[in-house]
Amino acid sequence: MKEIDWRGAHDDNLKGMRLAFVDLLFSWPPNGGADVDVYHVVQELCLAGHEVQLIGVNDGATWDRGQFVPDSLPFPAVRLDFEGRGFTAQRVSERIRDAVDVFHPEVVVVCDGFFLKPYVIEALGAYPVVSRYYAYEAICHRDITHFKDGATCPNSYLETPDVCRACALERIRPELCRAHPLAWTQEYLTARAYQPEYFKIVQRAWEKTQLAVVYNPQMQSQISSYCKTAVVPGGVDTERFPFSLLPERGPQERKRIVMTGRAEDPLKGVEVLRKAGEDLYKERQDFEILVTLPEDSPRTEWFTPVGWQDYEEIRALYREADICVVPSVWDEPFGMVALEAMSAGRPV
């Protein structure tokens with residue numbers, strides 16, 4: 001199998017490869033930095049002369065992921081739609097395998113799809129698989145840093161599945177009971193990831209994987225005994241977010257506070273920001289808050305939803321910002337928007 005560098009597409013050894021990218025959570029417009037990452041990796045591979053197809057999954061029961069129009073993307077893509085009881089681990093895996101068989105790639109790259117990913121990898125049979133893993137897939141469902149209350153957890157995701165399963169459920173039960181199911185909670189239930197047997201499926205998937213791409217050495221230590229691993233840290237392209245001086249404001253001009261990213265996700269904390277704005281507005285009115293929420297979201301004199309922004313629009317938004325805020329109410333695993341803002345020279 002040829003080596004693939006997730007970070008770069010212009011290796012002469014990779015010329016003309018036929019690659020399938022399988023992504024169970026891809027959306028465009030994107031719902032997170034992972035979608036943007038996949039989009040640009042696939043686009044760069046195509047531009048470098050590879051034959052690439054994206055295979056995405058859309059579950060009609062959820063509202064936050066899997067929504068994209070294949071013909072609107074600048075590369076070949078297929079969307080597999082599922083409704084109701086048809087969204088099962090077996091059915092999803094079978095349909096992905098059928099789509100991969102039609103394309104017949106040299107390598108399958110399995111991207112996002114937290115809990116159904118092991119089933120998909122098993123279903124791919126003899127295809128060489130490269131897969132990317134998040135911390136809560138490889139280390140701990142509950143706490144992505146594998147620390148609880150400031151102390152190292154003595155348990156192991158792989159060695160004490162019963163204990164870890166119960167611990168994880170304490171944290172995610174509110175999300176599982178949401179009125180509008182999220183894609184990851186739907187996957188968690190569909191994959192039956194709450195059962196101890198699920199960990200054996202995860203191990204089998206790692207053993208079948210030719211290369212597991214992870215974000216840090218801690219994750220690597222969990223997987224490296226099962227398969228070859230590569231650490232590719234997260235980051236942003238500073239050329240896409242060039243530095244600029246803060247705008248000069250006249251005495252009558254309002255300062256701009258900007259929140260970018262997947263603001264519609266409650267975990268990103270937009271309600272915290274809205275409440276802070278309400279409190280601040282009681283004391284002063286020389287500011288406005290711009291947020292990448294859908295444009296039909298509630299707005300006020302000082303709070304404006306600006307909708308989805310492409311790279312050019314985001315750059316313009318940063319250039320006009322006095323402050324960028326990241327009011328997340330969970331432990332962000334990376335927080336790309338903070339780095340984008342800092343790259344653009346904005347205080348966070």
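Look up: the structure comes first, before these words.
Keep in mind that what you see is a predicted model, and the values were worked out from it rather than measured.

A. Here's a closer look at the sheet that holds strand β13 (residues 323-324). Sheet architecture is open: 4 strands sit in the order β12-β11-β10-β13, paired in parallel fashion. The sheet is open, and its two edges are formed by β12 (303-305) and β13, each paired on a single side. Taken together, the 5 bridges between strand β10 (residues 255-259) and strand β11 (residues 287-291) define a ladder with parallel strand orientation. For Val 258, the partnering residue across the bridge sits in β11 and is Leu 290. Here helix α9 (residues 270-283) sits on the sheet in contact with β10, β11 and β12, set at roughly 170° to β11.

B. Just the sheet that holds strand β8 (residues 211-214), in detail. Across the sheet, 7 strands lie side by side as β3-β2-β1-β4-β5-β8-β9; this open sheet has parallel pairing. Whereas interior strands pair on both sides, the edge strands pair on one side only; in this sheet they are β3 (77-82) and β9 (229-231). Averaged over all pairs of adjacent strands, the angle between their axes in this sheet comes to 20°, without regard to strand direction. Sheet contacts for helix α1 (residues 33-47): β1 (18-23), β2 (51-59) and β5 (129-132); angle to β1, the most-contacted strand, approximately 170°.

C. Quick look at helix α11 (residues 336-343). For α11, the set of buried residues is Val 337, Ala 338, Glu 340, Ala 341 and Ser 343. Packed against the buried residues of α11 are α10 (311-319) and β13. Positioned one or two residues after α11, Gly 345 has a phi angle of 85°, which is positive.

Conventions we followed
Residues numbered from 1 in each chain as written. Predicted model: local features only at pLDDT ≥ 70, side-chain atom pairs only at ≥ 80, totals over all residues. Heavy atoms only, no water. Pairing = 2+ DSSP bridges. Helix = DSSP H or I, 4+ residues; strand = E, 2+ residues; numbered from the N terminus. Contact = heavy atoms within 4.5 Å. Axes fitted to C-alpha atoms, helices over the stretch in contact; angles between N-to-C directions. Buried < 20%, exposed > 50% of the residue type's maximum accessible area, 1.4 Å probe, protein only.

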